[in-house]
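# Analysis of the macromolecular model
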Amino acid sequence: MPQAHLRTERLELVPLSVEHLQFLIELNSDPVVLRYLFSRALTPEETEERMHRWIRVAKETDGQGKWIAYAAGEPIGLYMLEPPDDPPRTDAAELGYRLPQRHWRKGYAKEGSLELLRHGFEALGVERVIAQTMAVNEASRATMVAVGMSFTRSFHQDFEEPLAGHAEGEVEYEITRAQWLASRPG
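How each quantity is defined
Residues numbered from 1 in each chain as written. Predicted model: local features only at pLDDT ≥ 70, side-chain atom pairs only at ≥ 80, totals over all residues. Heavy atoms only, no water. Core = buried A, V, L, I, M, F, W, Y, C linked by side-chain atoms within 4.5 Å. Buried < 20%, exposed > 50% of the residue type's maximum accessible area, 1.4 Å probe, protein only. Helix = DSSP H or I, 4+ residues; strand = E, 2+ residues; numbered from the N terminus. Contact = heavy atoms within 4.5 Å. Expected span 1.5 Å × (residues − 1). Arc of directions from axis to C-beta. Pairing = 2+ DSSP bridges. Axes fitted to C-alpha atoms, helices over the stretch in contact; angles between N-to-C directions.

### With respect to the nonpolar core
With 29 residues, the main nonpolar core has Tyr 79, Val 129 and Met 149 as its most contacted residues. Broken down by secondary-structure element, the contributors of at least two residues to this core are β3 (65-71), β4 (74-82), β5 (93-98), α3 (108-123), β6 (128-134) and β8 (170-176). No other element matches the five residues that α3 contributes to this core. Apart from the residues within four sequence positions on either side, Val 129 is in contact with Leu 81, Ala 93, Leu 95, Leu 117, Phe 121, Met 149, Tyr 173, Glu 174 and Ile 175. Of all hydrophobic cores here, the second largest spans 16 residues; its members include Val 14, Phe 23, Leu 27 and Leu 34.

### So, helix α2 (residues 44-58)
Taking 1.5 Å as the rise per residue, α2 with 15 residues should run 21 Å; its terminal C-alpha atoms sit 21 Å apart, in good agreement. Listing the buried residues of α2 in full gives Thr 47, Met 51, Trp 54, Ile 55 and Ala 58. Down the axis of α2, the sector holding all buried residues measures 95°, keeping them to one side. Those residues of α2 that are exposed and aimed more than 90 degrees away from the buried face are Glu 45, Glu 49 and Arg 56.

### A look at the sheet that holds β8
Pairing is mixed in the open sheet, where eight strands are placed in the order β1-β2-β3-β4-β5-β6-β8-β7. Two strands lie at the open edges of the sheet, namely β1 (6-7) and β7 (150-155), each paired on one side alone. Relative to strand β2 (residues 12-15), β1 is paired through two bridges, and the arrangement is antiparallel. What sits directly across from Leu 6, in β2, is Leu 13. Its contacts with the sheet place helix α1 (residues 21-28) against β3, β4 and β5, and it is angled at close to 85° to β4. Across the sheet, helix α4 (residues 138-146) lies against β5, β6, β7 and β8, angled at about 160° from β6, the strand it touches most.

### Focus on the environment of Leu 78
Locating Leu 78 in the fold gives a position in strand β4. With 103 residues separating them in the primary sequence, Leu 78 and Leu 181 have C-alpha atoms 25 Å apart. Discounting residues that sit within four places of it in the chain, Leu 78 has contacts with Phe 23, Leu 24, Leu 27, Trp 54, Lys 66, Trp 67, Ile 68, Gly 96, Tyr 97 and Arg 98.

### Examining unusual backbone geometry
Glycine aside, a negative phi is what most residues show, and trans is what most peptide bonds show. Even without a glycine there, the phi angle at Asp 62 is positive, about 50°. The topology assignment puts Asp 62 in the loop between α2 and β3. A relative accessible area of 48% means that Asp 62 is categorised as partly exposed. One non-glycine residue, Arg 105, lies in the positive phi region at around 60°.

Here is the structure:
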């Protein structure tokens, strides 16, 4: 099943494609945006390599993958709903989001995430969705709670180049299909 085009009140989520490369390069060139993922900004070449890998993987994941969200015709973020890869798991899909600083604190992370949860649970039949971040990433953790996810565990990862705050570890949040459906109005 190919990835669906999704819509919310303010956002259009379009499956990632090569036409999004310039936006991804901009997004991945900001070390502040990447501070909880990498020890530095990514080069354009690294971003292009990742993009091509993401597009290939999405073709194999039955409707899951990465999306670029647009608001008023402008790309505003990268969103994902896909099988977890670190560590690999088959019992859940993983939710994620990355937005340029100019789009922080506008509710876009929550809005896009809610749509991906809806899509995953209602259209794709996913049974569990997780999200992971560094324990010190308070903004991302707040988004996870805002979309109905609950804290499930703390853990530590090994980093070749440790990130600021890595000593505090990582956290995982989750929501099940049953919890999602029970929280829906009507």
